[in-house]
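A look at the structure
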Amino acid sequence: MEGGVRLRAGASKRDVREKVWDYLESSGLADFPRPVHHRIPNFKGSHQACCSIKELDIFSRAHEIKVDPDKPLEGVRLAALQARKTLLVPTPRLRTGLFNKIVPPPGATKEILRTCATSQGIKEYSVPVGLDGKARVDLVVVGSVAVSEKGWRIGKGEGYADMEYAMMVSMGAVQEDTPVITVVHDCQVLDIAEELLDDHDLTVDYILTPTRTIKTNCKRPKPQGIMWHKASWSYEMLEKIPILKSLRYKEKQAGKDVTLRDQRSDAANTDRPAALDEKATAEGARPQAAAGSAQLGPHSVKSNVLSPSLEGSGTITTVYVGNIPPSLRVSELKGALREFHATPLRLNWQGAQHRAFLDYKDKAAAESAVSSLKGLSLRGSTLRVELAKNQRNKGQV
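Keep in mind it's a predicted model, so treat the numbers as computed, not measured. (Residues numbered from 1 in each chain as written. Predicted model: local features only at pLDDT ≥ 70, side-chain atom pairs only at ≥ 80, totals over all residues. Heavy atoms only, no water.)

**Details of the pattern of salt bridges**
Using the following cut-off: Whenever Lys or Arg places a side-chain nitrogen within 4 Å of a carboxyl oxygen from Asp or Glu, that contact is recorded as a salt bridge. Each residue gets one of three labels from its accessible area relative to the maximum for its type: buried under 20%, exposed over 50%, partly exposed in between, using a 1.4 Å probe on protein chains only.
Tallied over the entire structure, the rule returns 17 salt bridges. One salt bridge in this structure joins R34 and E25, with 2.5 Å as the shortest N-O distance. In this structure, K71 engages E74 in a salt bridge whose closest nitrogen and oxygen atoms are separated by 2.9 Å. Taking relative accessible area as the criterion, E74 reaches 21% and is therefore assigned partly exposed.

**With respect to the nonpolar core**
In summary, soluble globular proteins display a tendency toward joint burial of nonpolar side chains. Threshold: Definition used in this section: a nonpolar core is a set of buried Ala, Val, Leu, Ile, Met, Phe, Trp, Tyr and Cys residues joined via side-chain atoms within 4.5 Å. Only DSSP runs of H or I reaching four residues or more are called helices, and only runs of E reaching two or more are called strands; each is numbered from the N terminus. Residues are treated as being in contact if the distance between any of their heavy atoms lies within 4.5 Å.
The biggest cluster of nonpolar side chains holds 50 residues, and the ones touching the most others in it are I53, L139, V141, I181 and V183. At five residues, the largest contribution of residues to this core is made by helix 4 (residues 74–82). Not counting chain neighbours up to four residues away, the residues in contact with L139 comprise I53, I58, F59, A62, E64, I65, K66, T178, P179 and I181. One finds Y160, L202, I226 and L260 within the second-largest nonpolar core, a separate group that totals 34 residues.

**Points about the side chain of S52**
Structurally, the position occupied by S52 is in the loop between helix 2 (46–51) and helix 3 (57–61). A relative accessible area of 11% places S52 in the buried class. Contacts of S52, omitting those with residues within four sequence positions, involve L208 and T213.

**Some remarks on the sheet that holds strand 9 (residues 206–208)**
Sheets are built from strands that pair by backbone hydrogen bonding, the pairs being arranged parallel or antiparallel. Put simply, the rule reads: One requirement defines pairing of two strands: DSSP has to find at least two bridges between them. Inter-axis angles, ranging from 0 to 180 degrees, are taken between N-to-C directions of lines fitted to C-alpha atoms, where helices are fitted over the stretch in contact.
Strand order in the open sheet made by the eight strands is 4-3-2-1-5-8-9-10, with mixed pairing throughout. The open sheet has two free edges, formed respectively by strand 4 (126–129) and strand 10 (213–215), since each of these has just one partner strand. The sheet shows a mean angle of 25 degrees between the axes of neighbouring strands, taken without regard to direction. Where strand 2 (residues 86–90) lies against strand 3 (residues 99–102), four bridges are found, and the strand directions are antiparallel. Note on strand 3: the bridge partner recorded for L88 is K101. Contacting strand 1 (64–67), strand 2, strand 3, strand 5 (139–142) and strand 8 (180–183), helix 4 runs over the sheet at an angle of about 150 degrees to strand 2.

**Things to note about the environment of V20**
The topology assignment puts V20 in helix 1 (residues 13–26). The exposure class of V20 is buried, given its relative accessible area of 0%. For the pair V20 and C187, spaced 167 residues apart in the sequence, the C-alpha separation amounts to 7.8 Å. The contacts of V20, once residues within four sequence positions are left out, are V5, V145, A146, Q188 and L190.

**A closer look at the confidence of the model for the chain**
Rule in force here: pLDDT measures the predictor's confidence residue by residue and takes values from 0 up to 100.
When pLDDT is averaged across the chain, the result is 80; 79% of the residues are at 70 or more. The secondary-structure element of the chain with the lowest mean pLDDT is strand 11 (residues 281–282), recorded at 33, while strand 9 shows the highest, at 98. Here residues 264–301 is a poorly scored stretch, pLDDT under 50, and it has 77 contacts once near neighbours within four places are set aside; other chains count. Under a pLDDT of 50 for its full length, residues 305–313 has, in the predicted model, 22 contacts with residues more than four places off or in other chains.

**Digging into the pairing of strand 15 (residues 355–360)**
Look at any regular strand and the pattern is simple: side chains alternate between the two faces of the sheet. Most of strand 15 sits inside the fold, with six of its six residues counted as buried. What you see with strand 15 is no split at all: R355, F357 and D359 on one side and A356, L358 and Y360 on the other are buried throughout. Pairing of strand 13 (residues 317–322) with strand 15, which is carried by five bridges, proceeds in the antiparallel orientation. Along strand 15, the bridge assignment pairs V321 with A356. In textbook terms, the turn of a hairpin is the stretch between consecutive antiparallel strands, and for strand 14 (residues 346–350) and strand 15 this stretch comprises four residues, one of which, H354, has a positive phi near 60 degrees.

Laid out in structure tokens, this is it:
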């Protein structure tokens, strides 16, 4: 645009981002939070741009809307709540799941709805929705640093919007025709070279600015799921994002190729504890259970002792795994434990009570297992994983 952001020939994605951020700041268009660098930038007029979504038929028809948590999209979140839509917002960096569902209190006033649309409201008025949450998203709204009238989008460079969309595809939450909208200032609408786009980059169907609504008629296909073999960040993401690990395991069980481009996991495998046997052998009932657990009957516990170091040790720490679906077999749980590098020294299977207990060599190993398994979904149920409430000195047998 004339007098706006100027891109040199051959500009990279990083160049585009820096030019947009610099221009928003230098022109006085940037708005809180500032500086806008390394963010989805907020801008003066963002609320006006957001309000124009109410004029779109795709918004009127939508029942369930996913909106990113960025500040410039606050007006869209408010519009969705005021229209009594189901509002889903991705959890920060996906650390605790995929979505938060915003649930305003009964009889919420306009002021409370405004609060619900803010980052603080997302924390206070939301419940988590995981892979097994059966989300059916009718409309996706994402933030952008830059976008072209053809629908080609550049984000802030961390890949979360692209990954969230790919995860929604994999879990069946969006369809090929689910529209995607972005909200930007007019100066963020640029000519973006198509060669900058990768297969995993999300494109948009509508662009809302303070002055206009652009229908892109974008023909470029959207991501058809997570491209594990192309994503160089996948291994790091797996370690940071439990729900991504859960999704990869689910797709692997379905027979899909989930080989990572980064295979550093091979090195990690060399230090794993001994592998779990395929069959658990019956032992007596476990002397303790998590607080509030039902009493165990005879023959209700299956246990594997997998390491001689367990016996006589005073440092063993137990992890409680609950919400195990009735149809799950112990071999499936063992496979998941191996996959997530959380193989215990001993596993006590209590399938009839929908739970299991995992013994680890020390508290650090147990806490690492809890972190690795958090958010794991098996056969449609998200497992409850935590340190067992009643720990005892395992040397006192």
